[in-house]
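Spelled out, the chains give:
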Amino acid sequence: EEVFSNFRINTSTSARDIATYMYDAVAAAGLLACAAAPQGPLPASFGTDFYYAKNRVKYTGLTGTVTFDENGDRDADSATWNLGNILFNNVSGEFHLEDKARFKQGRWVWTNGERDLIYNYRSPGDPFEKLQPPPPPPPPSMPAPDTADTLPRPMILVIVAAAGIVLVFGGYLLIRGFFKLRAFHQRFGISLPALLLLFARRYVLCLRRHHSTKP
């Protein structure tokens, strides 16, 4: 009693979409059995006779006129097909079914005289050509670089300028020393490697004397 307390046969979608076809299927099986073996015990060829009886059975059921094709399937033109559009109501937060078309005599008859189905994302266009899933979310933005550990620009300019001065002064000393060695070479006829060795020895001797004179 509790199961059927709120059941209404005239408004139930389960009765309309499921129970009616089940009823016609049971009725078709009974009529096929009667056509295969009208009376008496079942013959040995009952299964074969049951299958071929499909060509002689035709009746009006709850889902329309029931007939079968050569394969034993129900002829699609004999059934009553309804096409509905399940839509979501943003106000009530529930889904509801809207009848859109009915299949009659081999063709679809639209309720409003035109195809007005609503597909996903509330698009009325063809879902196979125009409908696309929503674009992916944009990638997360990169965090701004931390400038706490970086040197300020004025300090960087000072360091670069100091390095430039050191390079220029060092180059000047190297060029000046080269011309002095060349002058000694031309005056005394001593080769440049010998002069370099001589200056290196004198530099080492000077360092030894300096350390020896310290208290």
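Because the structure is predicted, anything quoted here is derived from the model rather than measured.

Scoring rules and cut-offs
- Residues numbered from 1 in each chain as written.
- Predicted model: local features only at pLDDT ≥ 70, side-chain atom pairs only at ≥ 80, totals over all residues.
- Heavy atoms only, no water.
- Helix = DSSP H or I, 4+ residues; strand = E, 2+ residues; numbered from the N terminus.
- Buried < 20%, exposed > 50% of the residue type's maximum accessible area, 1.4 Å probe, protein only.
- Contact = heavy atoms within 4.5 Å.
- Areas by Shrake-Rupley, 256 points an atom, 1.4 Å probe, with all protein chains shown as cover.
- Pairing = 2+ DSSP bridges.
- Axes fitted to C-alpha atoms, helices over the stretch in contact; angles between N-to-C directions.
- Patch = residues over 30% accessible without salt bridge, like charges linked within 9 Å, V, L, I, M, F, W, Y side chains within 5 Å.
- Salt bridge = Lys/Arg side-chain N within 4 Å of Asp/Glu carboxyl O.
- Core = buried A, V, L, I, M, F, W, Y, C linked by side-chain atoms within 4.5 Å.
- Polar contact = N/O pair within 3.5 Å; in protein donor to acceptor, adjacent residues only side chain to side chain.
- Expected span 1.5 Å × (residues − 1).

A. Region of interest: the overall build of the protein. Counting its secondary structure elements, the protein contains 4 helices and 5 strands. Counting from the amino terminus, the protein carries its helices and strands in the arrangement α-α-β-β-β-β-β-α-α. A buried classification covers 14% of the 215 residues belonging to the protein. Within the protein, contacts between residues at least 6 apart in sequence are counted, and of these 22% link residues at least 24 apart. Carbon together with sulfur atoms contributes 62% to the accessible area of the protein, which is approximately 18200 Å² in total.

B. Spatial organisation of the pairing of strand β3 (residues 81-89). Relative to strand β4 (residues 94-104), β3 runs antiparallel, the two being bridged by 9 bridges. Residue pairing in the sheet places N85 in a bridge with E98 of β4. Between β3 and β4, which pair antiparallel one after the other, the connecting turn spans 4 residues, and G93 there sits at a positive phi close to 75°.

C. Highlighting the sheet that holds β3. One open sheet holds the 3 strands; their spatial order is β3-β4-β5, and the pairing between them is antiparallel. The two strands at the open ends of the sheet, each matched to only one other strand, are β3 and β5 (107-110). This sheet shows a mean twist of 35° between the axes of neighbouring strands, independent of strand direction.

D. Focus on a nonpolar patch on the surface. A grouping of I86, F88, F95 and L97 is seen on the molecular surface, where their side chains present a nonpolar patch of about 430 Å² in accessible area. Where the nonpolar patch is concerned, the elements lending two or more residues are β3 and β4. Structurally, L97 can be placed in strand β4.

E. Main features of the nonpolar core. Counting 6 residues, the largest nonpolar core consists of A28, L32, A53, V57, Y59 and V66. Apart from residues lying up to four places away in sequence, V57 is in contact with L31, L32, A35, V66, T67 and F68.

F. How the structure looks around the environment of A25. Considering the arrangement of structural elements, one finds A25 in helix α1 (residues 13-36). Separated by 36 residues in sequence, A25 and G61 have C-alpha atoms that sit 9.2 Å apart.

G. Spatial organisation of the pattern of salt bridges. A full pass over the atoms with the stated rule returns 1 salt bridge. In this structure, K100 and E98 form a salt bridge, with 3.3 Å as the shortest nitrogen-oxygen distance. Its relative accessible area of 8% is what places K100 among the buried residues. Residue classification places E98 among the partly exposed residues on the basis of a relative accessible area of 30%.

H. Spatial organisation of the side chain of T63. For T63, the location among the structural elements is in the loop between β1 (59-61) and β2 (64-66). Reaching out from T63, the side chain makes a polar contact with the side chain of D24 at a distance of 2.5 Å. The residues contacting T63, other than those within four sequence positions of it, are T20, Y21, D24, R74, S78, A79 and T80.

I. Spatial organisation of the environment of G64. Within the secondary structure, G64 is located in strand β2. Overall, the relative accessible area of 16% leaves G64 in the buried class. Between the alpha carbons of G64 and A79 there is a distance of 5.0 Å; along the sequence they are 15 residues apart. Not counting residues up to four positions away in its chain, the partners in contact with G64 are Y59, R74, S78 and T80.

J. Local environment of helix α3 (residues 153-188). With 36 residues, α3 ought to run about 52 Å at 1.5 Å a step, and its terminal C-alpha atoms sit 53 Å apart, in line with that. Backbone geometry just after α3 places G189 at a positive phi near 70°.

K. How the structure looks around the pairing of β4. Two strands pair when backbone bridges link them, and β4 and β5 are joined in this way by 4 bridges, in the antiparallel orientation. By the bridge assignment, A101 is partnered in β5 with W110. The hairpin formed by β4 and β5 contains 2 residues between the paired strands, and Q105 there has a positive phi angle of roughly 50°.

L. Layout of the side chain of K100. In this structure, K100 sits in strand β4. One polar contact links K100 to E98, side chain to side chain, over a distance of 3.3 Å. Contact partners of K100, with chain neighbours within four places excluded, come to L83, G84, N85, V109, W110, T111, D116 and L117.

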